[in-house]
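Tertiary structure, described
The residues making up each chain are set out below.
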Amino acid sequence: MTTNPGDAFIWWEWITRRPGEIWERTIEHLQMTVVAVTVGCVISAALTLIALRYRWTLGPITWIGNLLYTIPSLALFVILIPYTGLGFLTAQIALVSYTIQILVRNMVAGINSVPASVTEAATAIGYRRLHRLWAVELPLAAPTIIAGIRIAAVTVIGLVTITALIGNGGYGAFINDGLNRRFSTPIVLGGALSILLALGVDALLMLVQRAATPWTRRRLRPRSS
Amino acid sequence: MNAIFNDLWGFISTADNWRGSNGIAARAQAHLWISFVATVIATAIAFPPALILAHLGKAPVLSVGIANIGRALPSFAVIALVLPISISLGFGLGFWPTCVALVALGIPPIFTNTYTGVANTPAALREAARGIGMTSPQVVMKVEVPHAMNVILTGFRISAVQIVATASLGALVGYQCLGSYVIEGLAQPTRARDRLLTGAVLIAAMAMIVDFLINRVEGHLTGWRSRLR
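Residues numbered from 1 in each chain as written. Chains lettered and ligands numbered in written order. Predicted model: local features only at pLDDT ≥ 70, side-chain atom pairs only at ≥ 80, totals over all residues. Heavy atoms only, no water.

Helix and strand counts for chain A stand at nine helices and zero strands. Reported as C-alpha extents along the three principal axes, the dimensions of chain A are approximately 75 × 45 × 30 Å. The burial tally for chain A puts 50% of its 225 residues in the buried class. Within chain A, residue pairs in contact and separated by at least 24 positions form 72% of the contacts whose partners lie at least 6 positions apart. (Helix = DSSP H or I, 4+ residues; strand = E, 2+ residues; numbered from the N terminus. Buried < 20%, exposed > 50% of the residue type's maximum accessible area, 1.4 Å probe, protein only. Contact = heavy atoms within 4.5 Å.)

Structure representation (structure tokens):
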């Protein structure tokens, strides 16, 4: 409860005076995340359908996804600036390209993990290819697919903060502001809110997965990145 | 398209831009050096406890927790936060603040993947190793680590690539690296487009090269798997 921002690591008064700005940034951060993950899901679903229908395309699709994933987000933002300018579109292209690798990998793994006996039984009782995919394979693959969406969403929430450098940013705007003024309070605020948002969205998606696939009783098991 | 390529090529092909303490050569070297140091420290911190905990079958919740926190941790915030802490503790700007942030980002993938790989060793393998008289350290080094090697190396690769990518942000806290071109360029995006693009392309290239090289090592070290089948 100090009044001297120069000495205190967190100046609580600075934070409590800005409920409006915090709310605004939260909405902006969520908006950017939801758009990026939704567009990423649509593109990844299309790529997964192609990869499942024409098996030889899985290699190239995975390769391109990995390439996009490896390019650092800051570099990708900057390379896109001459084409799409400083702003929302540039940020979205970079964020979406980051989700593809995560989502396609989980979608393909989910569909592939459906036991052959199940798909054969579905075919035997008269399911056509697309109907079977929709009514049999998709529900069984749902836990793996939603796990991918969780990872993508959490990753994107962290990356959105970097878009503050090209004029967007959500909570990243606080961090950028703090950096420019050598003032720690907004940096702590932006970082902490970003982590809380990520954990919140992760928990929410986990509940969605439980509700959508009540037949799975998930055990707590470590997973690799 | 052409104008952009010319900007880039114009900057990269000018010999003067490579020389001196702010030149491409010095900055690329600094970028690689800090990434290397951070990766080594992160491995030293994350690898041994993950190995021991997984071998003992302890703390699976900790492993999942570290993985989740690691993904949720925004690298931009970590690196920005290091600045005021470092100044208030008297360490100043530059190498060490950046390095600390990079280490923090590098730990989770190495820890989680090492833990997961070792913990998922089939019980039969472990029991067989015990059965032929191996001691605990032997079971770890001769059975569990080789069995988990590809998962461990994947974690290491994710960490290293993420560290190389994030080292660019070190430029924000006064560390001269390839990210400095981007930060200088963003300060005046119309006049310094050549610097901006050069920085971005070199950062992307460096991340991809590191990814490629570790992938090769991965293939080399786990080649015995394909020979077994």
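After that view, the rundown keeps rolling.
Right, let's get into the overall build of chain B. A tally of regular secondary structure across chain B gives 10 helices and zero strands. Going from N to C terminus, chain B has its helices and strands arranged as α-α-α-α-α-α-α-α-α-α. Across its three principal directions, the C-alpha atoms of chain B cover 70 × 45 × 25 Å. Each of the 229 residues in chain B was classed as buried or not, and the buried ones make up 50%. For chain B, the share of sequence-separated contacts (at least 6 apart) that also reach a separation of at least 24 residues comes to 77%. For chain B, the exposed area adds up to about 10,600 Å²; of that, 68% sits on carbon and sulfur atoms. Side chains of chain B give 15 positive and 8 negative charges; the mean places of these two sets differ by 8 Å. (Areas by Shrake-Rupley, 256 points an atom, 1.4 Å probe, with all protein chains shown as cover. Lys, Arg positive; Asp, Glu negative; His and termini not counted. Charge placed at Lys NZ, Arg CZ, Asp CG, Glu CD.)

Bringing the interface of chain A and chain B into the picture now. Contact residues are listed per partner, giving 42 residues for chain A and 46 residues for chain B. Interface of chain A and chain B: buried area, both sides summed, is about 3,700 Å²; carbon and sulfur atoms make up 82% of it. The interface formed by chain A and chain B holds zero salt bridges in total. Counting across the chain A and chain B interface gives zero residue pairs in polar contact (both at pLDDT 80 or more). Contributing elements (two or more residues each) for the side of chain A that touches chain B: helix H3 (58-70), helix H4 (73-84), helix H7 (129-160), helix H8 (172-181) and helix H9 (184-212) of chain A. For the side of chain A that touches chain B, the leading source of residues is H9 of chain A, giving nine residues. (Buried area = accessible area lost by both parts, 1.4 Å probe. Salt bridge = Lys/Arg side-chain N within 4 Å of Asp/Glu carboxyl O. Polar contact = N/O pair within 3.5 Å; in protein donor to acceptor, adjacent residues only side chain to side chain.)

This part takes up the confidence of the model for chain A. Mean pLDDT over chain A works out to 87, with 92% of the residues at or above the 70 mark. In the predicted structure, residues 1-5 of chain A sits below a pLDDT of 50 and forms eight contacts with residues beyond four places in sequence or in another chain. (pLDDT = per-residue confidence, 0-100.)

By convention here, two paired aromatic rings are described through the distance between centres and the angle between planes. Counting across every chain of the model gives eight aromatic pairs over all chains. Arranged with centres 5.7 Å apart and planes meeting at 70 degrees, the rings of Phe-95 of chain B and Tyr-175 of chain B form a pair that is edge-to-face. Taken as a pair, Phe-95 of chain B in helix H5 (residues 95-119) and Tyr-175 of chain B in the loop between helix H7 (136-167) and helix H8 (179-187) lie far apart in primary sequence, 80 residues in all. Both residues of the pair, Phe-95 of chain B and Tyr-175 of chain B, count as buried. Taken together, Trp-11, Trp-14, Phe-174 and Phe-183 of chain A form an aromatic cluster joined through their ring pairs. Here the basic side chain of Arg-17 of chain A rests over the ring of Trp-11 of chain A, its NZ or CZ set 5.5 Å away from the ring centre. Note that Arg-27 of chain B overlies the ring of Tyr-181 of chain B, its terminal NZ or CZ placed 4.5 Å from the centroid. (Phe/Tyr/Trp six-rings, centres within 6.5 Å; stacked < 30°, edge-to-face > 60°. Lys NZ or Arg CZ within 6 Å of the ring centre and 35° of its normal.)

Turning our attention to H8 of chain A. Residue and element names in this part refer to chain A. Counting buried residues along H8, seven of its 10 residues qualify, which places the element largely inside the surrounding structure. Within H8, burial applies to Gly-172, Ala-173, Phe-174, Ile-175, Asn-176, Gly-178 and Leu-179. Arg-182 occupies a position one or two residues after H8 and carries a positive phi of about 50 degrees.

Compared with the 46 Å implied by 1.5 Å per residue over 32 residues, the 38 Å span of H7 of chain B between its first and last C-alpha is markedly short. The sharpest bend along H7 of chain B comes to roughly 65 degrees, located at Met-149 of chain B. (Expected span 1.5 Å × (residues − 1). Bend = angle between axes of the 7 residues up to and from the residue.)

Together, Phe-9 of chain A together with Ile-85, Leu-89 and Phe-91 of chain B give the surface a local cluster of nonpolar side chains, amounting to about 410 Å² of exposed area. Turning to its location among the elements, Leu-89 of chain B is positioned in helix H4 (residues 75-89). (Patch = residues over 30% accessible without salt bridge, like charges linked within 9 Å, V, L, I, M, F, W, Y side chains within 5 Å.)

Model confidence for chain B is summarised by a mean pLDDT of 85, while 96% of its residues fall at 70 or above. The lowest-confidence element of chain B is helix H10 (residues 223-228) of chain B, averaging 68 in pLDDT; the highest-confidence one is helix H2 (residues 24-56) of chain B, averaging 93.

Before going further, it helps to spend a moment on the packing of H4 of chain A against helix H9 (residues 193-221) of chain B. Between H4 of chain A and H9 of chain B, the shortest axis-to-axis distance is 8 Å and the interhelical angle comes to 140 degrees. Here H9 of chain B runs oblique to H4 of chain A, going by the angle between their axes. Between H4 of chain A and H9 of chain B lies a crossing whose hand is left-handed. For the pair formed by H4 of chain A and H9 of chain B, the contact residues are Ala-75, Val-78, Ile-79, Ile-81 and Pro-82 of chain A on the first element and Arg-193, Leu-196, Leu-197, Ala-200, Val-201, Ile-203 and Ala-204 of chain B on the second. (Axes fitted to C-alpha atoms, helices over the stretch in contact; angles between N-to-C directions. Parallel < 35°, antiparallel > 145°, perpendicular 65-115°, else oblique. Left-handed = near helix turned anticlockwise from the far one by under 90°.)

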